[in-house]
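Given next are the chains, with one letter for each unit.
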Amino acid sequence: MLGGFVGSAVTLGVDPMILARTHIELHNIRKNVEQIKKLSDNVVGVGPFGVGMDAALNLLPNIGKINPGVAYSGLAGALLVVQGIRARAAMMVLVQMSAILIVDTLAPLFGKAGAVADAFFTGHKWAADLLLKHMEETIYFEGTRDEAMHTVEYRDLMGRIRAGKEHRRIVFLGGDSHKPRRGDVPSIPPQG
């Protein structure tokens, strides 16, 4: 399962060093996603409704030819997608997030009706929730597949998968144990 993502990351030109390698980094990714979600689509809550930064900034006049709401929305959307890449989200989830965020970002460019639609379309929240749910449905093992294979947790999980009781995705945060990682020091044979 991880092989598909690693291939996708390489295809996208993603530096493996930005990928999360520990559960602490995954926790921080979740916190960042929650913060972007709240700031973008619910910075001011009014009952069940909220107004976010992208909608509020759409009320400001353009700065030159730049709409501040569109600029903010695009930047916040890009940050969400980067967090998805760091969390090793499946390619389809990244594509779905990107599609939602593109619609949310470009909506204000279609006049006042687009700006009003953007205020009610909580694309950042939708994309963030999609990523957070995907992360919850993923089992992350620190280290490599080879290291995980020697743990009781991994053997129990594989037993549940084979029995059809578990359908979650598995990601190994340590990457491929057969490929040297940046920072690995090659062994130097003793001189003599």
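Residues numbered from 1 in each chain as written. Predicted model: local features only at pLDDT ≥ 70, side-chain atom pairs only at ≥ 80, totals over all residues. Heavy atoms only, no water.

1. Quick word on the overall build of the protein
Using the following cut-off: Helix numbers and strand numbers start at the N terminus; a helix is a DSSP run of H or I with at least 4 residues, a strand a run of E with at least 2. Partly exposed residues are those whose accessible area sits between 20% and 50% of the maximum for their type, while under 20% is buried and over 50% is exposed, using a 1.4 Å probe and protein chains only. For this analysis, residues touch if any pair of their heavy atoms sits within 4.5 Å. Here the Shrake-Rupley method, with its probe set to 1.4 Å, supplies the accessible areas, and only the displayed protein chains count as covering residues.
Secondary structure summary: the protein contains 9 helices and 4 strands in total. Ordered by position in the sequence, the α and β elements of the protein form the string α-α-β-β-α-α-α-α-α-β-α-α-β. Looking at the 192 residues of the protein, the share that counts as buried comes to 38%. Excluding contacts between residues fewer than 6 apart, the proportion of contacts in the protein whose partners are at least 24 apart in sequence is 67%. With the model as given, the accessible surface of the protein reaches about 11,600 Å², and the carbon-plus-sulfur share is 66%.

2. Section: the packing of aromatic side chains
Here is the rule we go by: Stacked, tilted and edge-to-face are the three classes applied to pairs of Phe, Tyr and Trp rings, where Trp contributes its six-membered ring and a pair requires centres within 6.5 Å; stacked means planes under 30 degrees apart, edge-to-face means over 60, and tilted covers the rest.
In the structure shown here, the tally under the stated rule is 3 aromatic pairs. Between the aromatic rings of Phe-141 and Tyr-154, the centroid separation amounts to 5.5 Å while the plane-to-plane angle is 75°, which identifies the pairing as edge-to-face. One end of the pair, Phe-141, is in strand β3 (residues 138–141); the other, Tyr-154, is in helix α9 (residues 152–162), with 13 residues separating them in the sequence. Relative accessible area serves as the criterion here: at 5%, Phe-141 is assigned to the buried category.

3. Quick look at the side chain of Ser-40
By the secondary structure assignment, Ser-40 is in helix α2 (residues 23–41). Not counting chain neighbours up to four residues away, the residues in contact with Ser-40 comprise Gly-52, Met-53, Asp-54, Tyr-72, Ala-76 and His-124.

4. Focus: the nonpolar core
The line we're drawing: The set of buried Ala, Val, Leu, Ile, Met, Phe, Trp, Tyr and Cys residues whose side-chain atoms join them within 4.5 Å is what this entry labels a nonpolar core.
Core analysis: the largest hydrophobic core is formed by 28 residues, its most contacted members being Leu-26, Ile-29, Val-33, Leu-80, Met-135 and Tyr-140. Only α2, α4 (68–86), α5 (91–106) and α7 (123–136) provide two or more residues apiece to this core. In this structure, Ile-29 is in contact with Ala-20, Gln-83, Arg-86, Ala-87 and Met-135, ignoring residues within four places of it in sequence. In this structure, Ile-139, Phe-141, Leu-157 and Met-158 belong to the second largest nonpolar core, which totals 8 residues.

5. Some words on the pattern of salt bridges
The test is simple: Any carboxyl oxygen of Asp or Glu that lies within 4 Å of a side-chain nitrogen of Lys or Arg is treated as forming a salt bridge with it.
Scanning the entire structure with this criterion turns up 7 salt bridges. Of the charged contacts, one joins Asp-129 and Lys-125 as a salt bridge, the two residues approaching to 2.9 Å between their closest N and O atoms. Taken together, the residues Asp-129 and Lys-125, both in helix α7 and 4 residues apart, mark about one turn of the helix. Look at Asp-129 and you get partly exposed, because its relative accessible area is 27%.

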